[in-house]
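Coordinates in review
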Amino acid sequence: MPGFELFGSAERKEVQDVLDSGVLMRYGFDGMRNGHWKAKALEAELQEKLQVKHAQLVSSGTAAVSVALAVAGVGVGDEVIMPTFTFVASFEAIMMMGAIPVLVDIDDTLTLDPIAVEAAITSKTKAIMPVHMCGSMADLNALQAICKKHNLLLIEDACQAIGGSYNGKPLGSIGDVGCFSFDFVKTITCGEGGAVITNNETYFKNADHFTDHGHDHEGMDRGAETHPFLGYNFRISELQAAVGLAQARRLYDFVAIQKKHYGILRDVLSTIPEVVFRTVPEGGEESYGFLNFFLPDLEIARTVSKTFKETGVDACFHYFDNNWHYIRKWDHLKDVKTLYPISSEVKKGLEYLQTKTFEQSDQYIARNISCLIKLSWTEEAVKARAEKMKNAILDALK
Ligand SMILES: *Cc1c(COP(=O)(O)O)cnc(C)c1O
């Protein structure tokens, strides 16, 4: 997945343009910048590649999720439904807005279970936030129908799934707002960066202002801009955007490489009947950034994960025992350990995490192995890796 594996002359040229002009800021300094607007160019590139009307770059994927919530009007006391399997950024962003993360079970797609989602809706629910973990999606038709029925927002966290699609539409472009990360390990990287995309004019305008202190960006004179509302600084710099621009131009080349490597591994593992691949909903096309499969039980998954590490099959994750991506080890969330006081409403809203169990999620995550697909592998290396993986699994099944 990591785009940094394929850094080269294209990235260097874009960065050099910025260094030559000396303008590292994305707004203003029109006379000095020699016509270089890398952030704007990257936004245009994302709009085209992701078939969406608007893209707003931000400083990270976490910022993207926060901005998506803010522009859609999610705030104090609102509940946002999110999955138990995601990155910690999901609940961080929700809590930053003063809202309450409501965690619900995943199914064999490794993403939100629509039945669990519907069961979690209350009068306070404002948004549903599916996370397209490891390059694939939930049953988005079902989630859209639930949103429509209950008048809720659909905010897609597509940080791990750029290049994937659903019913022919790029992931991230399906809900009200979509979020992307370009951090160092994502398919397209800027070092640090992210984007929100939307077809909604008002959400876009709000994102443009909100991410730059509420400045309205009207007129040539920056100091004279008015502030329609309070904002913050979630800006990206021209240097980061320059790297991202060179990367984004090759997005679908990267996806094609991922797909090829994924196919080789999957074909070999498919010969083992006990290996069951994650379900991809009908109409869905993965981004192929990861290959995900289930083994018969937790013990076998642990054994396989250990053998992979010992035999040099790197970048495969058993999320059940991982601190970053699964609720089981998020004690800081369950105990609501914040640095500063938070509202009693949010504290109360999180009390359910003290007692609620997630057996359904556990039974999928316990048996899941998730293997990162790298861009830099040679075909021989992928084939050798596939054989090692197959042998490790066959050994564990004995
Ligand atoms: C990486 C990631 C984020 C956060 O992105 P950053 O750019 O690292 O802040 C959010 N959600 C998911 C699913 C991610 O994988």
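The name given to the protein in an unreviewed UniProt entry is DegT/DnrJ/EryC1/StrS family aminotransferase, with Bizionia myxarmorum as the source organism. Quoted verbatim from the Sequence similarities (unreviewed entry) field of the UniProt record, the comment on the protein reads "Belongs to the DegT/DnrJ/EryC1 family."

A word on the site of the ligand. Gly61, Thr62, Ser181, Asp183 and Lys186 are the nearest of the 14 residues found near the ligand. Measuring from an oxygen atom of the ligand, one finds a backbone N or O atom of Gly61 at 2.7 Å. Between the ligand and Asp183 there is a distance of 2.6 Å, counted from an oxygen atom to a side-chain nitrogen or oxygen. A total of 380 Å² of accessible area belongs to the ligand in isolation, and the protein chains cover 93% of it.

Tracing the chain through its elements places Gln160 in the loop between β5 (153-157) and β6 (165-166). Taking relative accessible area as the criterion, Gln160 reaches 10% and is therefore assigned buried. Looking at Gln160, its side chain comes within polar contact range of the main-chain nitrogen of Cys134, at 2.8 Å.

So, about unusual backbone geometry. For Asn34, which is not glycine, the phi dihedral falls at a positive 55°. Locating Asn34 in the fold gives a position in the loop between α1 (9-21) and α2 (38-49). Positive phi, normally seen in glycine, also occurs at Ala315, with a value near 60°. Within the secondary structure layout, Ala315 lies in the loop between α10 (298-310) and β13 (316-317).

Right, let's get into the pattern of salt bridges. As enumerated under the stated definition, the model contains 23 salt bridges in all. Between Glu45 and Lys49 there is a salt bridge; the shortest N-O distance is 2.6 Å. Of this pair, Glu45 and Lys49 are both found in helix α2, four residues apart, which corresponds to roughly one turn of the helix. Under the relative-accessibility criterion, Glu45 is labelled buried at 13%. A salt bridge links Asp183 to Lys186; the shortest N-O distance between them is 3.1 Å. There is no split in this pair, since Asp183 and Lys186 are both buried.

Conventions and cut-offs
- Position numbers for residues count from 1 along each chain, tracking the sequence in the order it is written.
- Local features in a predicted model are, by the rule used here, given only for residues with pLDDT of at least 70; side-chain atom pairs are given and counted only at 80 or more, and totals for whole chains, interfaces and linings are based on all residues.
- To get the side-chain values, all heavy atoms of the structure are used, and hydrogens and water are removed first.
- UniProt positions are given in the numbering used here, feature names are shortened, and annotations may be inferred rather than shown by experiment.
- Note on terminology: near, applied to a residue and a molecule or strand, indicates that one of the residue's heavy atoms is within 4 Å of it.
- Think of a polar contact as two N or O atoms within 3.5 Å of one another; within protein, one of them needs to be a possible hydrogen donor and the other a possible acceptor, and neighboring residues in sequence only count if both atoms come from side chains.
- Note on areas: Shrake-Rupley with a 1.4 Å probe; residue coverage comes only from the protein chains shown.
- Here a strand is any run of E in DSSP of at least two residues, a helix any run of H or I of at least four, and the numbering for each starts at the N terminus.
- Each residue gets one of three labels from its accessible area relative to the maximum for its type: buried under 20%, exposed over 50%, partly exposed in between, using a 1.4 Å probe on protein chains only.
- Salt bridges, as used here, are contacts in which a Lys or Arg side-chain nitrogen is within 4 Å of a carboxyl oxygen on Asp or Glu.

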